[in-house]
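Per-entry structural report
For reference, the chains in residue letters:
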Amino acid sequence: MRERTSYGLVESREVHYATLEQWARGKIQAQLQRLLEEEVTTFLGRTKHERRGKVTPVDPPAGSRNGYGKPRAFSMLNGTVMVKRPRVHDLTERFESKVLPLFKRRTQEVGAMLPELDLHGLSTGDFELALRGLLGEGAPLSSSSIQRLKARFDLDYEAWKTQDLSNLEVVYWWADGLDVKAGIADRKSALLTIVGALTTGEKVVLACESGERESKESWLTLLRDLKSRGLKFPRLTVADGHLGVWAAVGELHPAGAEQRCWNHKITNVLNDLPKTIQRQAAERLKAMPYAETKVECERLRDAFVRAYHKTDKKAVETLLRDWDRLVTFYAFPREHWRHIRTTNIVESPFSSVRLRTDASRRYKRVDGATAVIWKLLQVAQQSWRKLNAPELMPLVASGMLFKAGIVLKSGHDRNDRNLQPERTAA
């Protein structure tokens, strides 16, 4: 029995919560079947059972209906439905449905979803069990179809690696590596990744390439490729303590400022301390990069040295090593300090990558792992927020100088070489 509302007829007494999904899926199936029928009617210029000579236009298309094809399953995000494609014969040229093209068994959204689920931890063999409840029992899923969809990653990745980069103006970039287990010998290879911040404040993945650990040669190859594609190197490089990246940047971009990641430095210092005093030492160390001025940061450093130089000389030496690269961020806008003190911008998306690669032992080739991880970073990039105070990015790109995070406006200050960001030999 049906009730009439302001929205039309509603089968309120035939539908309840337990059967709502089935009811909605049936309605979609019926509507899709009607769309297929209307498409043929529009193409032929006449309704079903109507003779060709009794309709306008003057010269309607030739051809006539010829029953239906076999029922076929078609998967959408809200489930799988069964439809019958109307057949048309006696045509001068083949009729191709635009609603449901031949050989299409799922919507584009479902096709994109399957490989995305693989990125988040489902193995190929798990797809069928995981998706039956979502797409219905008739969902056309197979390992081969999923593999074909995943192969698209490789093609997209290769195309992305050759894109022209001359139109990008990068102000900062963050470089880091991820160890992934891949290859027949289960040898560790490094996935070298660079994320850049543009003058708009937006962050983009610039490089994601496999290499032999974090050697200078691997980073040189990556940086030369970016340069050959027209990328202009930025004002500031942020990276961890691996010598390979600094040696490569120093060779190809000696004029750029360099900032070493504080998180990596603090971890390295704590590793050289006994566990019994690590908590107290961590509080001292973490206060340094949050000091309001470079002078205050160095005062905290000196206090740490006085406290530990007699009992833990190795930890003190680790802190002092490469110190100039740790305080470079003070020569850039205060609003950007939280972004450029560390490599968190790369490390954060890598945390989900590590969960994926640590849980999976299915990677047989380094290249295969690279394409999948690149895709995961592309997915993450869509939700990245801009840097704070993006309006300051063009000033940084133009070479404007800052002291203690504040822009210098006078000509005298701008010519003071002592305010230039310091860098040391790699």
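Cut-off values and rules
- Residues numbered from 1 in each chain as written.
- Predicted model: local features only at pLDDT ≥ 70, side-chain atom pairs only at ≥ 80, totals over all residues.
- Heavy atoms only, no water.
- Helix = DSSP H or I, 4+ residues; strand = E, 2+ residues; numbered from the N terminus.
- Buried < 20%, exposed > 50% of the residue type's maximum accessible area, 1.4 Å probe, protein only.
- Areas by Shrake-Rupley, 256 points an atom, 1.4 Å probe, with all protein chains shown as cover.
- Pairing = 2+ DSSP bridges.
- Right-handed = clockwise from strand over helix to strand, strands pointing away.
- Salt bridge = Lys/Arg side-chain N within 4 Å of Asp/Glu carboxyl O.
- Axes fitted to C-alpha atoms, helices over the stretch in contact; angles between N-to-C directions.
- Parallel < 35°, antiparallel > 145°, perpendicular 65-115°, else oblique.
- Left-handed = near helix turned anticlockwise from the far one by under 90°.
- Contact = heavy atoms within 4.5 Å.
- Nonpolar A, V, L, I, M, F, W, Y, C, P; charged D, E, K, R; others polar.
- Phe/Tyr/Trp six-rings, centres within 6.5 Å; stacked < 30°, edge-to-face > 60°.
- Lys NZ or Arg CZ within 6 Å of the ring centre and 35° of its normal.

1. Things to note about the overall build of the chain
A tally of regular secondary structure across the chain gives 16 helices and 13 strands. Every one of the 426 residues in the chain was classed for burial, and the buried ones make up 44%. Here the chain has roughly 23600 Å² of accessible surface; of this, 52% comes from carbon and sulfur atoms.

2. So, the pairing of strand 11 (residues 257–260)
Burial along strand 11 is two-sided: the face carrying Ala257 and Gln259 and the face carrying Glu258 and Arg260 are both buried. Examined bridge by bridge, strand 10 (residues 236–239) and strand 11 share 4 bridges and lie parallel to one another. Directly across from Leu236, in strand 11, lies its bridge partner Ala257. In this fold, the crossover linking strand 10 to strand 11 by way of helix 6 (residues 243–252) has right-handed handedness.

3. Regarding the pattern of salt bridges
The full count for this structure, using the stated rule, is 12 salt bridges. As a salt-bridge pair, Lys216 and Glu251 come within 3.0 Å of each other at their nearest N and O atoms. Taken together, the residues Lys216 in helix 5 (residues 216–228) and Glu251 in helix 6 connect sequence positions 35 residues apart. Note on Lys216: relative accessible area 30%, which makes it partly exposed.

4. Let's talk about the environment of Lys314
Note that Lys314 resides in helix 10 (residues 313–320). Between the C-alpha atoms of Lys314 and Val269, which are 45 residues apart in sequence, the distance is 8.3 Å.

5. Concerning the packing of helix 7 (residues 262–271) against helix 8 (residues 275–287)
Remark: helix 7 packs on helix 8, axes separated minimally by 10 Å, with the N-to-C direction vectors making an angle of 150°. As far as their axial angle goes, helix 8 and helix 7 are roughly antiparallel. In the crossing of helix 7 with helix 8, the sense of the turn from one axis to the other is right-handed. Every residue of helix 8 that contacts helix 7 at Trp262, Ile266, Val269 and Leu270 is listed here: Gln278, Ala281, Ala282, Leu285 and Lys286. Residue classes in the contact of helix 7 with helix 8 are distributed as 7 nonpolar, 1 polar and 1 charged.

6. Re the packing of aromatic side chains
Inspection of the entire model under this criterion finds 11 aromatic pairs. Seen from their ring centres, Tyr172 and Trp174 are 6.3 Å apart, and the 70° between their planes marks the pair as edge-to-face. Across the pair, exposure class does not vary: Tyr172 and Trp174 are buried alike. Grouping aromatic residues by their ring pairs yields a cluster made of Tyr157, Trp160 and Trp374. When the ring centre of Trp246 is taken as origin, the NZ or CZ atom of Arg325, which lies over that ring, is 4.6 Å away. The side chain of Arg341 reaches across the aromatic face of Tyr290, ending 4.2 Å from its centre.

Honestly, that's just the spatial picture; any functional story needs more than this.
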